[in-house]
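# Descriptive structure summary
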Amino acid sequence: MEGEPGNFSVTLNLRPRFIDADKCTACGLCTTYCPRHLVDAYNEGLDLTRPIHIDYPQAVPATYFIDPNACLHLQHGTCKICVPVCRSHAIDFGQQPEKRTLAVGAVVMAPGFGRVPESTLAKYGYGAHPDVVTSIEFERMLNASGPFKGEVQRLSDRKHPKRIAFIQCVGSRDIGCDNGYCSSVCCMYAIKEAMVAKEHDPEVDITIFYMDIRTQGKDFDNARIRAEEHFGIKFVRAKVADVMPWREKIKITYATMDGRHAFEPFDMVVLSVGLDAPADARRLADIAGFELNKYDFCKTATFAPLATSRPGVLVAGAFQGPKDIPESVTQASAAAGSAAALLREQRKAGIVVKSYPDEKPVEEEEVRIGVFVCHCGINIGSVVDVPDVDRYVEGKEGVVYHAQTLYACSQDAQEVIKEKIREHNLNRVVVAACSPRTHEPLFQETLKDAGLNRCLFEMVNIRDQCSWVHANEPEAATDKSKDLVRMGIAKARHIQPLPEQTVPVTPRALILGGGPAGMTAALAIAEQGFECYLVEKASRLGGSLRDMHYMLDGSDPAKLLADLVARIEANDRIKVFTNATLKAVGGFVGNFSSVLAVKKGKGEQEQTVEHGVIVVATGGQEHRPDKYLLGQSKKVLTQTELEKRLAGRAKNRAPKSTVMIQCAGSRGDDLAYCSKVCCTHAVKNALKIKELDPSAQVIVLYRDLRTYGYAEDAYREAREKGVIFIPYEVDRKPQVVKKGNRVVVEFFDPLLQEEVSMTPEVVALSVGYVPQDTEQLSKLLKTPVTEHKFFMEAHVKLRPVEMAVDGVYVCGMAHSPKPLDEIIVQAQAAAAKAAMPLVKGEVEVEPIVSQVNKDLCIGCSLCVNLCPYQAIQMVKEGKKRKAETIAASCKACGICASHCPTFAISMGGFTNEQINAQIEAFGAQEEETTNG
Amino acid sequence: MGQTASERKGAVMVVGGGVAGVQTALDLTELGYYVYLVEKGAAVGGVMAQLDKTFPTNDCSL
């Protein structure tokens, strides 16, 4: 890799698949004929496959490949059985490795993570005993399409285990294997796997051995509670000392917090393996010229979390540091946005825009249907009598052409379909094949190429619904195929072209909140080339960033604040409103109109702004629990207050003795949830105290110490520097009481097994965070909040920064409490997502949206109340109120149409007329049988 | 259209076809850029494609 940002030249080595991806139809015949076995890596070696195979049926690309190291022909020049077996002649042993040079403007590194070495696993009996498995092996066992069809089995005797142990932190938080960090995901997946195993077999007894349960993510604690209370999974805080075979079982010896040793036998042991750096991290870093951190993950900084040390090269996902799926997806969007900003001048220069012939008007024509029945190789054809189904179509009303096809989805079949459309002047097309979920867009594309509106297509699924589910009843499957095809043709007689609607977009963003999230988002959107309004309710920008005085990695938050403010002031695309709040919002994605209330002296001035998208970054604030004498004694501070004191200029700013109490008001007290940041905050402050005065005493009373990721290093450093960490149980919380001038902390020490009383100079409370004004804002924006009043994302994993209302995005503490680096990433991600409609300049609307017939509408507004996407509004027509679909917001779910009492609403492509025709055609079967 | 790979403007290379790489690639196309998604395996999906369910909702991972 050579060159500069905006102009890199990269060389790739492309390995051959030995199968032509354009020809392979993924029928699987080659695998059944391939004579050689191969250990199935996709199934973690728990199953066998063949050198010619596909990892799993849903793989993308859906093309088989040959493992050259196992193939008899490629190794020994023999065999070649697969070549004549393949009916589409896709196998090509002539393919050669290829070197290709590409010009790219930016690079995003997302190589993921690697595996914990087996030498580490061996310490827990892995390799020596077959019933000690890794969590990823266990994951495959649980999977219905996995090696044992979803049944958990012991590898030693194929028996079903009755007692399973999970051991946490294998290859994580372990300097013995040079992985000092916490992998941040294992607690979650262990709980998940344990719960799924319990769902498979409620009788199975599961124990999880852990040091701290780190379910610090948004609403993650709920799952832990559910695991314990609903599923009866046991959580044992203990360090596992030894894993040994014992009779037919495995004996685990462990040491609990009170110093006791115990042992228990289990049928199976699951090692919760951590995320290691990718095996080829060094090589990648050398080739692309960026630095790694001490753990061989990508080196980044708190304030620029996705920038590698080489400009123009970004990083996303687990390679940036161990993380879960939602965080990876968020980072991906953020990295995409950063790369886009970098290459702003070249936007749309490289994309390929496809053009189509003009659409042929068909409304006035008689219905001319073409039907194509697919064999799907043997996938349909080996069960369903496809020629019979094809014959059956002959003479059906409206059908002017019908044919069988071996693979309807193949490239040459598309050409045939186009040709037949022209030759027979077809104006409706029915394909009886596989699932519209995967293949409808392909056939619709073919119709567009042939000059037909894409909605003149109807798909019948005779694979999933016939050949697959009735694999052992070929006759019934054939009959059912005929029924479905007949119904599809009946519907096709009524389908009409639907217009491709687009709605123009006001290319501007409104950002609510001028803290770290809002400022970052505003800059990211402005750097993409769009204007934004940045609205802050306080008199100046900064928000929670003003409460931060030092960071664990030594970087200076004041510098970041000054830098952000200066860049915002210098950017003429950003208009800042301070002392301002949102008063009203109207419109929809692409076309919002909002009213801002701006404080002016004692009064208030209203201003209306037009914008296409909204980013919510209203932040959070420290919770103030009415507990532990907070507010009643000057000696009791929150962590933020302590940080301020430690960062100040006072001579004795480091207290001689400090007791910190974690989860003060959180995790089941005032706040049900974990605030994610408090443990790291406490460790950060403890280290600051030790830095200022190494002789100072610091005691941290905690429940689970959640210094996930690299913060684990700081936790270890704090212990090494003499900070004392003592866990407490939720039913035995520490007490803070006033005794004269003194503040006394009383707590139970599990190691001493006795009550301890201390009189520290300062009691520091880790109080957790609450969102600001989200309830009121959620009413204005019509976006839901969680039970804890944080904004709810559209989908936890797939759409972590979008909200249920199109065009509204969320980031920062308004989404959930999180540390600064995650706030920055999330803000960049929200900005990237918000920029998408702005870049396009229009919002595309799927033609299948709902439509209101205003003559029939009685204005009851039932649909408005039922619509989950705020996509229907009431409008005045003369003196009457009528419903109207906001096409840009409609998701075509059909709830409105199915509830309308006067049938005034219809769904494009699913009208009552069409559905009735299908139902009638289904009932017409009897007649035909009697007549025929 | 008509540009060859070596002269294509506004292209980004994404290294790795796991969930992070795939999401980056998808978002870049939405933002108006041509993407080369480079994966060393035979399919995209990464480790997520090996997972049975996902925490905490137990949604199917595929």
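These numbers come from a predicted model, not from an experiment. (Residues numbered from 1 in each chain as written. Chains lettered and ligands numbered in written order. Predicted model: local features only at pLDDT ≥ 70, side-chain atom pairs only at ≥ 80, totals over all residues. Heavy atoms only, no water.)

### So, the sheet that holds strand β2 (residues 7-14) of chain A
Residues and elements named next belong to chain A. Here is the rule we go by: In this description, strands pair whenever DSSP reports at least two bridges between them. Elements are defined by DSSP. Helices are runs of H or I of four residues or more, strands are runs of E of two residues or more, and each kind is numbered from the N terminus. The axes are straight lines fitted to the C-alpha atoms, using for helices just the contacting stretch, and the angles between their N-to-C directions are given from 0 to 180°.
Here 3 strands make up an open sheet; going across it, the order is β1-β2-β7 and the pairing antiparallel. Of all strands in the sheet, those with a lone pairing partner are β1 (2-4) and β7 (98-104), marking the two edges. Here the strands of the sheet are splayed against their neighbours by 25° on average, with no regard to which way each runs. When β1 meets β2, the two strands line up antiparallel, connected through 3 bridges. Each residue of the ladder has a partner; that of Glu-4, found in β2, is Asn-7.

### Structural notes on the interface of chain A and chain B
As a reminder, the rule being used: By definition in these notes, contact holds between two residues if any of their heavy atoms fall within 4.5 Å. Buried area: the accessible area, evaluated with a 1.4 Å probe, that two parts lose upon being put together, summed over both parts. Only one rule defines a salt bridge in this text: a Lys or Arg side-chain nitrogen within 4 Å of an Asp or Glu carboxyl oxygen. Between N or O atoms, a polar contact is any pair within 3.5 Å; within protein, one atom must be a potential hydrogen donor and the other a potential acceptor, and residues adjacent in sequence are included only when both atoms are from side chains. Residue polarity is assigned by list, with Asp, Glu, Lys and Arg as charged and Ala, Val, Leu, Ile, Met, Phe, Trp, Tyr, Cys and Pro as nonpolar; anything else, Gly included, falls into the polar class.
Each partner contributes residues to the interface: chain A has 72 residues there, and chain B has 46 residues. For the pair chain A and chain B, the two sides together bury roughly 5000 Å², of which 62% comes from carbon and sulfur. Linking chain A to chain B there are 3 salt bridges. Here Asp27(B) makes a salt bridge to Lys833(A), at a shortest N to O gap of 2.9 Å. On the surface where chain A and chain B come into contact, there are 27 residue pairs in polar contact (both at pLDDT 80 or more). The element best represented in the side of chain A that touches chain B is helix α9 (residues 325-342) of chain A, accounting for 9 residues. Here the side of chain A that touches chain B is built from residues that sort into 45 nonpolar, 11 polar and 16 charged.

### Points about the packing of aromatic side chains
The geometry of an aromatic ring pair is captured by two quantities: the separation of the ring centres and the angle between the planes. Residue and element names in this part refer to chain A. Test applied: Two rings belonging to Phe, Tyr or Trp (six-membered ring only in the last case) form a pair when the distance between their centres is within 6.5 Å. Interplanar angles under 30 degrees mark stacking, angles over 60 mark edge-to-face geometry, and anything in between is tilted. Partly exposed residues are those whose accessible area sits between 20% and 50% of the maximum for their type, while under 20% is buried and over 50% is exposed, using a 1.4 Å probe and protein chains only.
Under the definition given, this model contains 20 aromatic pairs over all chains. Here the aromatic rings of Phe-297 and Tyr-710 are separated by 6.5 Å at their centres, their planes lie at 65°, and the arrangement is edge-to-face. One end of the pair, Phe-297, is in the loop between α8 (281-288) and β16 (313-315); the other, Tyr-710, is in the loop between β32 (697-702) and α19 (711-720), and 413 residues separate them in sequence. Overall, the relative accessible area of 0% leaves Phe-297 in the buried class. Ring geometry for Phe-372 and Tyr-401: centres 5.8 Å apart, planes at 50°, overall tilted. Note that Phe-372 is positioned in strand β17 (residues 369-374) and Tyr-401 in strand β18 (residues 399-405), a separation of 29 residues in sequence.

### Things to note about the confidence of the model for chain B
Our working rule: Each residue carries a pLDDT score, the predictor's own confidence in it, on a scale running from 0 to 100.
Mean pLDDT over chain B: 87, with 85% of residues reaching 70 or higher. This complex was scored by the predictor with a pTM of 0.89 and an ipTM of 0.94.

### A closer look at the pairing of strand β33 (residues 724-727) of chain A
By the bridge criterion, 4 bridges tie β32(A) to β33(A) in an arrangement that is parallel. For Tyr702(A), the partnering residue across the bridge sits in β33(A) and is Pro727(A).

### Structural notes on α9(A)
Residues and elements named next belong to chain A. We count it as follows: Multiply 1.5 Å by the residue count of a helix minus one, and that product is the helix's expected span.
Here α9 is 18 residues long and its end C-alpha atoms lie 26 Å apart, about the 26 Å a rise of 1.5 Å per residue gives. With 15 of 18 residues buried, α9 is to be regarded as a mostly interior element. N-cap assignment for α9: the residue whose side-chain oxygen lies 3.1 Å from the backbone N of Glu-327 is Asp-324.

### Topic: the side chain of Lys690(A)
All names here are of chain A. Selection rule: Charge counting treats Lys and Arg as positive and Asp and Glu as negative, with His and both chain ends excluded.
Residue position: Lys-690 is located in helix α18 (residues 678-692). Asp-693 provides the closest opposite charge to the buried, unpaired Lys-690, separated from it by 7.4 Å. Those residues within four positions of Lys-690 in sequence are excluded, and the remaining contacts are Ala-696, Lys-721, Gly-722 and Val-723.

### Comments concerning the sheet that holds strand β25 (residues 580-588) of chain A
Residue and element names in this part refer to chain A. Reading across from one edge, β25-β26-β27 is the order of the 3 strands in this open sheet, with antiparallel pairing throughout. For this open sheet the edge positions go to β25 and β27 (603-611), each flanked by a neighbour on one side alone. Strand-to-strand, the axes of this sheet are offset by a mean angle of 20°, without reference to chain direction. Strand direction decides the pairing type here: β25 and strand β26 (residues 591-600), joined by 8 bridges, are antiparallel. Along β26, the bridge assignment pairs Ala-580 with Val-598.

### A word on the pairing of strand β15 (residues 268-273) of chain A
All names here are of chain A. With 6 of 6 residues buried, β15 is to be regarded as a mostly interior element. Burial along β15 is two-sided: the residues Met-268, Val-270 and Ser-272 and Val-269, Leu-271 and Val-273 are all buried. As paired elements, strand β9 (residues 132-134) and β15 share 3 bridges and run parallel to each other. Bridge pairing in β15 places Thr-134 opposite Leu-271. Here 5 bridges tie strand β10 (residues 163-170) to β15, and the two strands are oriented parallel to one another. Looking across to β15, one finds that Ile-164 is bridged to Met-268.

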